[in-house]
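Single-letter residue listing:
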Amino acid sequence: MARNWYPVIDYEKCTGCLTCFNFCPHGVYGLREDGKPLVVNPDNCVEMCGGCQKVCPTGAIRYNGDIAE
Ligand code: SF4
Ligand code: SF4
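Basis of the calculations
- Residues numbered from 1 in each chain as written.
- Chains lettered and ligands numbered in written order.
- Predicted model: local features only at pLDDT ≥ 70, side-chain atom pairs only at ≥ 80, totals over all residues.
- Heavy atoms only, no water.
- Salt bridge = Lys/Arg side-chain N within 4 Å of Asp/Glu carboxyl O.
- Buried < 20%, exposed > 50% of the residue type's maximum accessible area, 1.4 Å probe, protein only.
- Near = heavy atom within 4 Å.
- Nonpolar A, V, L, I, M, F, W, Y, C, P; charged D, E, K, R; others polar.
- Helix = DSSP H or I, 4+ residues; strand = E, 2+ residues; numbered from the N terminus.
- Contact = heavy atoms within 4.5 Å.

- Per an unreviewed UniProt entry, the protein chain carries the name 4Fe-4S ferredoxin iron-sulfur binding domain protein and comes from Thermosphaera aggregans.

### Quick notes on the pattern of salt bridges
1) Next: Counting across every chain of the model gives 1 salt bridge.
2) Next: Note that Asp34 is salt-bridged to Arg32, the shortest N-O span being 2.6 Å.
3) Next: On the basis of relative accessible area, Asp34 is assigned to the partly exposed category, the value being 48%.
4) Next: Taking the relative accessible area as the measure of exposure, Arg32 reaches 29% and is therefore partly exposed.

### Some points on the site of ligand 1
1) Next: Close to ligand 1 lie Pro7, Phe23, Cys24, His26, Val28, Tyr29, Cys45, Val46, Cys49, Gly50, Cys52 and Tyr63, which account for all nearby residues.
2) Next: When its residues are assigned to classes, the shell around ligand 1 shows 10 nonpolar, 2 polar and no charged.

### Regarding the site of ligand 2
1) Next: Around ligand 2 sit 13 residues in total, of which Cys14, Cys17, Leu18, Cys20 and Cys56 are the nearest.
2) Next: Taken together, the residues of the shell around ligand 2 sort by class into 9 nonpolar, 4 polar and no charged.

### Let's talk about the environment of Thr19
1) Next: Structurally, Thr19 can be placed in helix H1 (residues 19-23).
2) Next: Separated by 34 residues in the primary sequence, Thr19 and Gln53 have C-alpha atoms spaced 9.9 Å apart.
3) Next: The residues contacting Thr19, other than those within four sequence positions of it, are Val55 and Pro57.

Structure below.
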């Protein structure tokens, strides 16, 4: 079964506050060289969790798999 639910960050909106990085308890996020979060373990993401999207202050997080077909 293919995994298709994981966060996708819009770096145009992301401020690098790292709220998502600090919030996620599953190690989905790592850091880029510029200090912004990077999705490094998409397979660890809990399907339909959505927690990091709720805490992101700039609406920069969407989910692959959450896009209407
Ligand atoms: S949706 Fe949940 S499990 Fe997935 S990255 Fe965000 S906080 Fe972590
Ligand atoms: S919470 Fe939103 S703005 Fe802050 S680092 Fe994560 S994606 Fe960027």
